[in-house]
Amino acid sequence: MKTKLTRQLESTLYQYCLEQGAYVVEEVSMPDKKGIVDTLSYQQLPDGQIEWRCYELKVTKNDFHSKAKLSFIGHYNYFVLPQALYEEVKDEIPSHIGVLIYRAFDPEAVALAPQPLRAPGFLTVAKKAQHQDLQVPEAPLTGHFIASLFREVDKAKRVKKGLALYSDDQLFKELRKRARKGYDVYDPEANLYDRFIDDTTNDAVTALQEELDARNAEYQALKLAYQQLIAPDLGDQL
């Protein structure tokens, strides 16, 4: 599971890459079993050349020393680190690997911002990456990049369509699964079934009340029409 800080680095890096004019996607598997890079960017340069950049995000010293393979196969390769972690590990970073430092925006400044910020913080270059030749064939790398982009598009479409994608049986099974966590008799609002039944009941009562109000309005209109057209002299007797 990604930590909150990891997600903050990820979203900030995404916005950073967009501002650089690059296409970007997270968690891309590399050709030739070169591992999975946290973030990969693709940018077409003015001379028509393609530039690939790989980014590995680390938030703790244990994370930095993880045995997971570092997929630094791009033309330029970077660690993305919080400032405190960078101070701890900077002597261990190879000379050709660059470093971007993450700093969070001040909460008070965020609250006073005239419009919502697109990222929770910003990145600064602590160490420039040195150019290297692409470490994998470009054609399969492009294929992996496109496959990862499709994954994200598919995920977004599924979220947009929401529960409509799931059958009643699947939804029921999920409700049953969540119900196994236990029933809290002292806090009914914490129980999924109680919340669902209450909302459904309230919706039904509201719908019935709206229907009753509409019928009553229709009745009053017919009564008035009858008074005016059939028995205008009866007045208030009806």
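An account of the accompanying structure is given in this report.

### Here's the deal with helix α5 (residues 138-161)
- Its 24 residues place the ends of α5 35 Å apart at the C-alpha level, agreeing with the 34 Å of an ideal helix rising 1.5 Å per residue.
- The set of residues buried in α5 consists of Leu141, Phe145 and Ser148.
- Buried residues in α5 make contact with β1 (23-29), β2 (36-44) and β3 (50-57).

### Overview of the pairing of β2
- Direction of pairing for β1 relative to β2: antiparallel, over a ladder of six bridges. When the sheet's bridge partners are listed, valine 25 is paired in β2 with leucine 40.
- Inspection of the sheet shows β2 paired to β3 by six bridges, in the antiparallel sense. Along β3, the bridge assignment pairs leucine 40 with cysteine 54.
- Between β2 and β3, which pair antiparallel in sequence order, lie five residues; one of them, glycine 48, sits at a positive phi of approximately 90°.

### Structural notes on the side chain of serine 148
- Mapped onto the secondary structure, serine 148 falls in helix α5.
- Other than its neighbours up to four places away in sequence, serine 148 contacts Val25, Glu27 and Val28.

### Regarding unusual backbone geometry
- Its identity is not glycine, yet glutamate 27 carries a phi of approximately 50°, on the positive side.
- Looking at the element boundaries, glutamate 27 is found in strand β1.
- With a phi angle near 60°, aspartate 32 is a residue other than glycine that sits in the positive phi range.
- Here aspartate 32 is to be found in the loop between β1 and β2.

### Section: the packing of aromatic side chains
- Per the stated rule, a full pass over the model turns up eight aromatic pairs.
- Arranged with centres 5.1 Å apart and planes meeting at 90°, the rings of phenylalanine 72 and phenylalanine 79 form a pair that is edge-to-face.
- Their ring planes at 35° and their centres at 5.6 Å tell us that phenylalanine 105 and phenylalanine 122 sit as a pair that is tilted. Of the two residues, phenylalanine 105 is situated in the loop between β5 (98-104) and α4 (107-112) and phenylalanine 122 in strand β6 (residues 121-127); the sequence distance between them amounts to 17 residues.
- Residue classification places phenylalanine 105 among the partly exposed residues on the basis of a relative accessible area of 32%.
- An aromatic cluster is present here, built from Tyr23, Tyr42, Trp52 and Phe145 joined pairwise through their rings.
- In this arrangement the basic side chain of arginine 53 is found over the ring face of tyrosine 76, its NZ or CZ atom lying 4.5 Å from the centre.

### Looking at the sheet that holds strand β4 (residues 76-82)
- Taken together, the six strands give an open sheet; going across it, the order is β1-β2-β3-β4-β5-β6, and neighbouring strands pair in mixed fashion. If you trace the sheet from one side to the other, it starts and ends with β1 and β6, each paired once. Here the average twist between neighbouring strands, direction ignored, is 30°.
- Strand contacts of helix α1 (residues 4-19): β1, β2, β3, β4, β5 and β6, with the helix running at about 165° to β3, the strand carrying the most contacts.

### Details of the environment of leucine 13
- Mapped onto the elements of the fold, leucine 13 is located in helix α1.
- In this structure leucine 13 touches Thr39, Tyr55, Leu57, Val80, Leu100 and Leu123, once residues within four positions along its chain are discounted.

The rules we used
Residues numbered from 1 in each chain as written. Predicted model: local features only at pLDDT ≥ 70, side-chain atom pairs only at ≥ 80, totals over all residues. Heavy atoms only, no water. Helix = DSSP H or I, 4+ residues; strand = E, 2+ residues; numbered from the N terminus. Expected span 1.5 Å × (residues − 1). Buried < 20%, exposed > 50% of the residue type's maximum accessible area, 1.4 Å probe, protein only. Contact = heavy atoms within 4.5 Å. Pairing = 2+ DSSP bridges. Phe/Tyr/Trp six-rings, centres within 6.5 Å; stacked < 30°, edge-to-face > 60°. Lys NZ or Arg CZ within 6 Å of the ring centre and 35° of its normal. Axes fitted to C-alpha atoms, helices over the stretch in contact; angles between N-to-C directions.

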